[in-house]
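This is what each chain is made of:
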Amino acid sequence: MMHCLQGRSSFLSFPKLRSIFWRLHHTTASRACSCSKTVSDEKYQDPFKLGRKDLKNLYEDIKKELLVCTAELREMCEYYFDGRGKAFRPMIVVLMARACNIHYNNSREVQASQRSVAIITEMIHTASLVHDDVIDEANSRRGKMTVNQIWGERKAVLAGDFILSAASLALARIGNTNIVSVLTQVIEDLVRGEFLQLGSKENENERFAHYLEKTFKKTASLIANSCKAVSILGCPDPKVHEIAYQYGKNVGIAFQLIDDVLDFTSCADQMGKPTAADLKLGLATGPVLFACRQFPEINAMIMRRFSLPGDVERAWEYVLQSDGVQQTNYLAQRYCHEAMKEISKLRPSPERDALIQLTEMVLTRDK
Amino acid sequence: MRSLQLLRALRGGGRARVAVAVAGRRGLLSAPGSAASWSKVVSEAEKLVGYPTSFLSLRCLLSDELSNVALQVRKLVGTKHPLLSTAREFVYDNQNNLQMRGLVVLLISKAAGPSSKVELSSQPDMVSGIYSSQRSLAEITELIHTAFLVHRGIVNIGELKSCDGPMKDMQFGNKMAVLSGDFLLANACTSLAQLHNTKVVELISSAIGDLVQGIYYENSTLEETRLTDDIGISTWTEQIFLSHSALLAKSCKAAMELAKHDAEIQKMAFHYGKHMSMSHKIHLDLQPFIKGNSTDSVTFSLNSAPAVLHQEFLGREAWIKQIREAQGAGSILDYMKLQEAIKAGKGVTSAIDLCRYHGNRALEALECFPPSEARSALENIVYAVTRFS
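The shown structure was predicted, so the numbers you read here are calculated from the model rather than taken from an experiment. (Residues numbered from 1 in each chain as written. Chains lettered and ligands numbered in written order. Predicted model: local features only at pLDDT ≥ 70, side-chain atom pairs only at ≥ 80, totals over all residues. Heavy atoms only, no water.)

Participant: Can you help me understand the overall build of chain B in this one?
Facilitator: Scanning chain B from N- to C-terminus turns up 17 helices and two strands. Taken across its 389 residues, chain B has 58% of its residues classed as buried. Taking all contacts inside chain B whose residues are at least 6 apart in sequence as the whole, residues at least 24 apart take part in 80%. In the structure as shown, chain B presents an accessible area of about 17000 Å², 55% of it carried by carbon and sulfur atoms. (Helix = DSSP H or I, 4+ residues; strand = E, 2+ residues; numbered from the N terminus. Buried < 20%, exposed > 50% of the residue type's maximum accessible area, 1.4 Å probe, protein only. Contact = heavy atoms within 4.5 Å. Areas by Shrake-Rupley, 256 points an atom, 1.4 Å probe, with all protein chains shown as cover.)

Participant: For this particular structure, what's the right way to read helix α12 (residues 263-286) of chain B?
Facilitator: Working note: α-helix, 3.6 residues per turn, so residues spaced by three or four point in the same direction. The end-to-end C-alpha distance of α12 of chain B is 34 Å, a good match for the 34 Å that 24 residues give at a rise of 1.5 Å each. With 19 of its 24 residues buried, α12 of chain B lies for the most part within the structure. (Expected span 1.5 Å × (residues − 1).)

Participant: Honestly, the pattern of salt bridges in this entry has me stumped. Any pointers?
Facilitator: Oppositely charged side chains may form a pair once their charged atoms are brought near each other. Residue and element names in this part refer to chain A. Following the criterion strictly, the structure yields 25 salt bridges over all chains and no others. Here R314 and D311 are joined by a salt bridge, their closest N and O atoms 3.0 Å apart. Of this pair, R314 and D311 are both found in helix α17 (residues 311-321), three residues apart, which corresponds to roughly one turn of the helix. Overall, R314 belongs to the partly exposed group, its relative accessible area being 41%. A salt bridge links R352 to D353, with the nearest nitrogen and oxygen atoms 3.2 Å apart. Of the residues examined, D353 reaches a relative accessible area of 34% and is grouped as partly exposed. One salt-bridge network, held together by shared partners, links D61, K64 and R115. (Salt bridge = Lys/Arg side-chain N within 4 Å of Asp/Glu carboxyl O.)

Participant: Before we go on, may I ask you to explain the packing of aromatic side chains in this structure?
Facilitator: Pairs of aromatic rings are described using the distance from one ring centre to the other and the angle between the two planes. Residue and element names in this part refer to chain A. Using the criterion set out here, one finds twelve aromatic pairs over all chains in the structure. Geometrically, the ring pair formed by F88 and F255 is stacked, given 4.4 Å between the ring centres and 15° between the ring planes. Of this pair, F88 sits in helix α6 (residues 88-105) while F255 sits in helix α12 (residues 238-265), and the two are 167 residues apart along the sequence. You'll find F88 and F255 in the same group, each marked buried. By the ring-pair criterion, three or more aromatic residues cluster together here, those being Y79, Y80 and W151. Residue placement shows K144 over the ring face of Y79; its charged tip is 3.9 Å from the ring centre. The ring of F208 carries R293 above its face, with NZ or CZ at 5.8 Å from the centroid. (Phe/Tyr/Trp six-rings, centres within 6.5 Å; stacked < 30°, edge-to-face > 60°. Lys NZ or Arg CZ within 6 Å of the ring centre and 35° of its normal.)

Participant: I would appreciate a short explanation of the environment of A172 of chain A in the present structure.
Facilitator: Along the chain, the position of A172 of chain A falls in helix α9 (residues 153-174). Overall, the relative accessible area of 2% leaves A172 of chain A in the buried class. Sequence-distant contacts of A172 of chain A, that is, excluding residues within four places in its chain, are made with V180 of chain A together with T198, V201 and E202 of chain B.

Participant: Mind showing me how you'd approach the confidence of the model for chain B here?
Facilitator: Detailed reading of the predicted model is not advised wherever pLDDT is low. Summing up the model confidence of chain B, the mean pLDDT is 79 and the portion of residues at 70 or higher is 77%. A low-confidence stretch, residues 1-33 of chain B stays under pLDDT 50, and its non-local contacts, those more than four residues away or across chains, total 44 contacts. (pLDDT = per-residue confidence, 0-100.)

Participant: Looking at this structure, how should I read the packing of helix α5 (residues 64-73) of chain B against helix α9 (residues 167-193) of chain B?
Facilitator: Between two packed helices, both the angle of their axes relative to each other and the distance between the axes serve to describe the pair. All names here are of chain B. Two numbers describe how α5 lies on α9: the axes approach to 11 Å, and their chain directions differ by 155°. When the axis of α5 is compared with that of α9, the two are roughly antiparallel. As for the relative orientation of α5 and α9, their crossing is left-handed in sense. Where α5 approaches α9, its residues E65, L66, V69 and Q72 are matched on the opposing element by F172, M176, S180, F183 and L184. Classifying every residue of the contact of α5 with α9 gives six nonpolar, two polar and one charged. (Axes fitted to C-alpha atoms, helices over the stretch in contact; angles between N-to-C directions. Parallel < 35°, antiparallel > 145°, perpendicular 65-115°, else oblique. Left-handed = near helix turned anticlockwise from the far one by under 90°. Nonpolar A, V, L, I, M, F, W, Y, C, P; charged D, E, K, R; others polar.)

Participant: Would you mind going over the nonpolar core with me for this structure?
Facilitator: In globular proteins that are soluble, nonpolar side chains generally tend to be buried together. Grouped together as the largest cluster of nonpolar side chains are 194 residues, with contacts concentrated most on L107, I144 and Y272 of chain B. Per-element tally for this core: the top contributor is α12 of chain A, with 14 residues. Once residues within four sequence positions are removed from consideration, I144 of chain B is found in contact with L185, A188, I204, I208, L211 and L247 of chain B. Counting 28 residues, the second largest nonpolar core, distinct from the first, contains W236, I282, L333 and C355 of chain B. (Core = buried A, V, L, I, M, F, W, Y, C linked by side-chain atoms within 4.5 Å.)

Participant: What's the story with the environment of G78 of chain B in this structure? I'm lost.
Facilitator: For G78 of chain B, the position within the fold is in the loop between α5 and α6 (82-92). Counting along the chain gives 91 residues from G78 of chain B to D169 of chain B, while the straight-line C-alpha distance between them is 9.7 Å.

Participant: Explain the interface of chain B and chain A here, please?
Facilitator: For interface size, the figure often reported is the accessible area lost on association. The interface is formed by 41 residues belonging to chain B together with 37 residues belonging to chain A. Counting across the interface, chain B meets chain A through one salt bridge. R173 of chain A is the salt-bridge partner of E202 of chain B, the closest N and O atoms lying 3.3 Å from each other. The tally of links between chain B and chain A comes to twelve residue pairs in polar contact (both at pLDDT 80 or more). Its residues placed into classes, the side of chain B that touches chain A shows 20 nonpolar, 15 polar and six charged. (Polar contact = N/O pair within 3.5 Å; in protein donor to acceptor, adjacent residues only side chain to side chain.)

Participant: When you look at the packing of helix α8 (residues 132-152) of chain B against helix α11 (residues 233-258) of chain B in this model, what are you seeing that I'm missing?
Facilitator: Residue and element names in this part refer to chain B. The contact between α8 and α11 brings their axes to 9 Å, and the two run at 165°. Classified by the interaxial angle, the pair formed by α8 and α11 is roughly antiparallel. For the pair α8 and α11, the sense of crossing is right-handed. On the side of α8, the interface is formed by S133, Q134, L137, T141, I144, H145 and R152, while α11 contributes S243, H244, L247, S251, A254, A255 and L258. In terms of residue class, the contact of α8 with α11 is made up of six nonpolar, seven polar and one charged.

Participant: I'm lost on the environment of A344 of chain B in this one. Help?
Facilitator: Counting through the fold element by element, A344 of chain B comes out in helix α15 (residues 335-344). Sequence separation of A344 of chain B and H310 of chain B is 34 residues, and the distance between their C-alpha atoms is 9.5 Å.

Participant: Explain helix α10 (residues 177-198) of chain A here, please?
Facilitator: Residues and elements named next belong to chain A. Over its 22 residues, α10 extends 32 Å from the first C-alpha to the last, a length consistent with the 32 Å expected when each residue adds 1.5 Å. Of all 22 residues in α10, 17 are buried, a share of seventy percent or more. Where α10 begins, the capping side chain belongs to N176, and its oxygen is found 2.9 Å from the backbone nitrogen of N178.

Participant: Even after reading the chapter, I still don't get the confidence of the model for chain A, so can you show me in this structure?
Facilitator: Chain-level statistics for chain A give a pLDDT mean of 85 and a share of 85% at 70 or above. Low pLDDT, under 50, characterises residues 1-43 of chain A; the stretch is placed with 66 contacts to residues that sit more than four places away or in other chains.

Now the structure itself:
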C-alpha cells in the first residue's frame, strides 16, 4: 500500500525531518485503494517472537475463565476467542511486562499475575466489541458474522456482559486492589468513549479535541492502563508506571488513527469489515476532520452525521481529494514517536526494543 | 425523581419506629393487600438505615451521560421499545421493590454491626451503625440490578414484526439500552474498585455472572412457543437463584466481609439474601392467583412458581393438554381459563408453602444476629412477602 510504504520510509528519518517537509513529501501519496501486501523488510525481525511463548494457550486460558453452564451462552462467549484475532493487546502487555521486569531487577520471568493482565485485557476488549457491534448494528467482524447477527441482540448483550464479569472476576483474583482500580478505569473509559461518539461538537477545534478524547477512551485507555498494570506488578517505581502508561496511551491513539485511515484506504476483505464503515455510522474520524479544513463543505455533512443520501460518497471523495489521510498518518507518527521516546527511558532489553519496533508496525500495518 | 423519597426520608428522620414492625409480626396489621404492607415495611425500614436510601448515586444520576440518555429516551415515546417502560417504572417506582436490594444490604449491615475484631476507634466512617463502604455496596447492588433491568429490555431486531413499528426506532432504543446499561455497570465497577477489597470484587463479579446466566434462562423460556421446558421445581429453583437471588445473597455476604465478620456470619448473611429473595420472587409469582388481585388483564408467566409446580403435580402430558385447551383461535392463550385450571390443582398452595419455606430459612439465618431494630426490619420484610391474605 502506497501510503504505508511512504509512511515507513519517512518514519526511518522522521526525527530529523521538519514537519512541513514531511507534509510536502506526502502530498503525492497514493489515494487509491490498493490491496497489495506490504513488502517484507528483512531488517525488521518479528517483534512478536519474544512475546509469543508467553501467549501460548492464551485463548485456551481465556476459555477456562468463561465458566458457563449453558452450551449456547458458552459458544457465544468463546466465539471471538478463536485464535484468529491478532492478539495485539496481549502482545504489548507481555512485552511491557518483560521490559519492566528486566528494567527493575533484570528478571527474565513473566509473573503469573502479569499474564493474567494480558488475558483480562483481551477479554475486556472482546466484551466491548460484542456490545459495539450491537450498538452499530454490525453484521461482520474479522471476516465472520457478528454475535448479534447469529444469535440476536438480546443474547449478544448478555454474552458481552458475561465476558466482562469473567474478566472482572479474574481481575479480582489477582488480589491487588491497585490493579483492580487501574483496569476498572478502562471499563469506565470505554463506555464514556462510546457516549462521546454519540455527540458531536460544532466548533472545529473542539471537534478535534473531542475526537482525540474519544479515541483515547475507546482505544488507548485499555492499552495504557494494562501496560501500567503490568508495570506496577513488575516494578515498584512510579516513574516506570508512568512510562508504561504513556507508551500504551500513545501507541493506542496511533493505532486507532491508523485504523481510521484504513477505513478509507483499505479494501473490505483486508479489514474484515466494509470500508467507509465510520462514515456510514455517521462518524467523522481524523481523515474527515482534516479534510474539513480544506473543504468546509464537509462541515454540514458532519453535523447531520452523513445522513442524507449521497453524503457518504461525497465525504469520501472530499477526503481522498484532501490531505486528510496523510495528515492523520502524520499525526499517528507523532504519537508513535512519543511512545518510542517514553519506552526508550527503560533499560535496554530485547523486549524494550520489540516495543519500539511495534510502534513502527502500528504505522505500517495494512489490516 | 428521587426527591420524593429524599423528602420522605428526611421527614422521617433517623428515629426508628418499631411499632409497626411489632404489629406486623403479630398479624395485627390489617393491610388490605400485600402490596400496601410491603411498602409500609420498606418505608419503615428505610428510616432505620439512617439517611435517605437513594441508592443510585447522585454522581451517576446527574452525569452527562445519563442526562443525555434521558433526553434521547424521549424520542422513544410512542414506540414499543421496552426501554421506555423500564425507564417509566424506574421513575415511578411502581413496584416498590426497585430499591429493595440496597435497603436489605444496609439493614443486614446494621444488624451485624461492627466486628468484634475491629476496634471501634479505628472506624470513624460509621454512620447509624453502617460503614460507608457498606453504603457504597448497597448502591453498587442497585446499580447492577438496574443495569440488568435495562439490558433485559434489548429487542431482537431480526424478529420484529410490522406491528412493532418502525425498525429505526427499535434500533435506536437498543442503542440507548446497551449504552445506559453499560454505563450503570461501569459505574458499579468503579465504585466496587474503590472499596479496595478484592474478595468483595470477586463476590460481586461472580454475582454479575450468575445474573447473566439467570437472565439467559429467563429469555429462553420467553421464546417462541411460550411453553416452558420440562423443568422440575428444583431446576426452576436453581435458575431463579441465578436470576433473582444471587446478587442479593452475594451482596449480603460481601457486606459482612467489609465489616470483617467471620465466615459463619458471612454464610448466614448469604442465606438470608438468598432465601428472602426466593420467597419474594415466589410471592410476586403468586399475585395473579391470589383472591382480590384479579384485574381485567390476567397474564402470568408459564414459568412462574405456581405454573411450574402445577405441572409437576399434573404431569407434563396433562399440562400440555390443558394449555392446548386454553389456546383459542390464533393460538392466543386464554389466561383466565388456564388460571382456573392451575387454581383447581395444587400448584398455588404448594407455591405458598414453598414461599414460606424460604421465608423460614431466611428467618433462621437471622438468628445469628443479636436482636435489634434492623434485625426486626429484616424479619418484617420476610413476614410481608410470606403473608397471603
